[in-house]
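Remarks on the overall topology
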Amino acid sequence: MLNIVLFGPPGSGKGTQAEKLIKKYNLIHISTGDLLRSEVANKTSLGMEAKKIMDAGELVPDEIVIGMIRKKLEEHKSGPGFVFDGFPRTVEQARELRKALTDYDERVTMEISLEVPREELLKRLVKRGEESGRSDDNEQTINNRIDVYERQTVPVTYYYEKMHKHVPVNGIGTIDQIFKRIVDAVEGFEKFHEPKA
Ligand code: AP5
Ligand code: MG
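Every value quoted in this text rests on a predicted model; they were computed, and no experiment measured them.

What the five strands build is an open sheet, ordered β2-β3-β1-β4-β5; its pairing is parallel. Looking at strand neighbours, the two that pair on one side only are β2 (28-31) and β5 (166-170), the edges of this open sheet. If you compare each strand with its neighbour and ignore which way they point, the axes differ by 20° on average. In the packing of helix α2 (residues 32-41) onto the sheet, the strands contacted are β2 and β3 (81-85), and the crossing angle to β2 comes to about 65°. Contacting β2 and β3, helix α4 (residues 62-75) runs over the sheet at an angle of about 160° to β3.

To continue, consider the layout of surface pockets. Taken as a whole, the largest pocket encloses approximately 820 Å³ of empty space. In this structure, the largest pocket is lined by 41 residues; those nearest its centre are Pro 10, Gly 11, Lys 14, Arg 134 and Arg 145. Those elements that place two or more of their residues in the lining of the largest pocket are α1 (14-25), α2, α6 (118-131), α7 (139-153) and α9 (175-193). Top contributing element to the lining of the largest pocket by residue count: α2, with five residues. In the lining of the largest pocket, the residues fall into 13 nonpolar, 16 polar and 12 charged.

Before going further, it helps to examine the packing of aromatic side chains. Tallied over the full model, the rule gives four aromatic pairs. With a centroid separation of 5.1 Å and 85° between ring planes, the pair formed by Tyr 159 and Tyr 160 is classed as edge-to-face. Classification of Tyr 159 by relative accessible area gives buried; the value is 13%. Grouping aromatic residues by their ring pairs yields a cluster made of Phe 82, Phe 84 and Phe 87. Lying across the ring of Phe 179, Lys 20 places its NZ or CZ 5.1 Å from the centre. Lying over the aromatic face of Tyr 25, Lys 24 brings its terminal NZ or CZ to 5.8 Å of the ring centre.

Let's shift gears to helix α8 (residues 155-162). Among the residues making up α8, those that are buried are Val 156, Thr 157, Tyr 159 and Tyr 160. Around the axis of α8, the buried residues are gathered within 155° of arc, so they sit on the same side. Residues of α8 that are buried make contact with β1 (2-7), α5 (91-102), β4 (110-115), α7 and β5.

Reading the values: the criteria
- Residues numbered from 1 in each chain as written.
- Chains lettered and ligands numbered in written order.
- Predicted model: local features only at pLDDT ≥ 70, side-chain atom pairs only at ≥ 80, totals over all residues.
- Heavy atoms only, no water.
- Pairing = 2+ DSSP bridges.
- Helix = DSSP H or I, 4+ residues; strand = E, 2+ residues; numbered from the N terminus.
- Axes fitted to C-alpha atoms, helices over the stretch in contact; angles between N-to-C directions.
- Contact = heavy atoms within 4.5 Å.
- 1 Å grid on protein atoms, 1.4 Å probe; cavity = no way out; pocket = protein on both sides within 12 Å on 5 of 7 lines; lining within 4 Å.
- Points joined across faces, edges and corners; volume = space filled by probe spheres on them.
- Nonpolar A, V, L, I, M, F, W, Y, C, P; charged D, E, K, R; others polar.
- Phe/Tyr/Trp six-rings, centres within 6.5 Å; stacked < 30°, edge-to-face > 60°.
- Buried < 20%, exposed > 50% of the residue type's maximum accessible area, 1.4 Å probe, protein only.
- Lys NZ or Arg CZ within 6 Å of the ring centre and 35° of its normal.
- Arc of directions from axis to C-beta.

Structure follows, in structure tokens:
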């Protein structure tokens with residue numbers, strides 16, 4: 001399997017680039033944000049609880065997102081692999097992902113981290129808020145989402161760095177330019193880690 005953790009702050013382009021990656025490599029896209037928004041849209045009890053947390057820009061409890069991930073892994077366990085978008089967001093989630101994949105004799109191949117400065121993130125998300133709008137795309141919540149990312153989520157990069165799986169990618173430019181950098185990163189990484197004959 002090719003299992004890519006697509007990492008980065010809110011607005012860095014995880015969702016945009018994940019769509020392209022799954023097409024190119026025929027992978028399954030798992031976005032915990034999208035899964036949670038679908039619970040909210042369906043007004044489930046989990047969704048009602050999650051909505052308050054998401055509208056404040058805070059993180060939903062680890063157990064909830066881990067449960068969602070385990071369900072998706074089981075559904076697609078015989079597929080070619082996954083793009084994890086917006087997950088793991090805490091070191092605890094990263095540890096749990098490792099355990100869950102180990103149950104299928106699998107592991108995270110690499111973590112690709114889209115690097116985009118705060119001013120650009122704000123610009124992108126404020127624009128989306130004005131155009132289509134997610135309820136968390138307002139300036140106050142966006143700033144809190146970025147603060148939460150810096151405080152609670154950045155440590156996940158150190159977790160993967162220790163395993164030599166962390167690959168930073170410049171997330172500024174056109175969508176296609178960034179995608180090319182990601183593909184080069186995936187192919188360079190795979191080549192380097194290919195088993196020697
Ligand atoms: P989530 O849905 O994951 O949102 P996020 O991380 O805040 O990020 P976004 O989805 O807003 O941005 P993105 O990086 O996907 O960028 P996109 O491609 O959309 O999480 C939402 C909430 O759910 C969290 O706050 C939390 O409450 C909860 N949650 C989710 N996962 C969780 C977890 N694991 N644990 C706990 N809680 C969790 O692009 C953004 C915009 O920029 C778009 O309009 C796009 O068109 C535009 N754009 C993309 N690329 C470019 C480019 N190159 N140049 C210019 N504009 C661009
Ligand atoms: Mg997204």
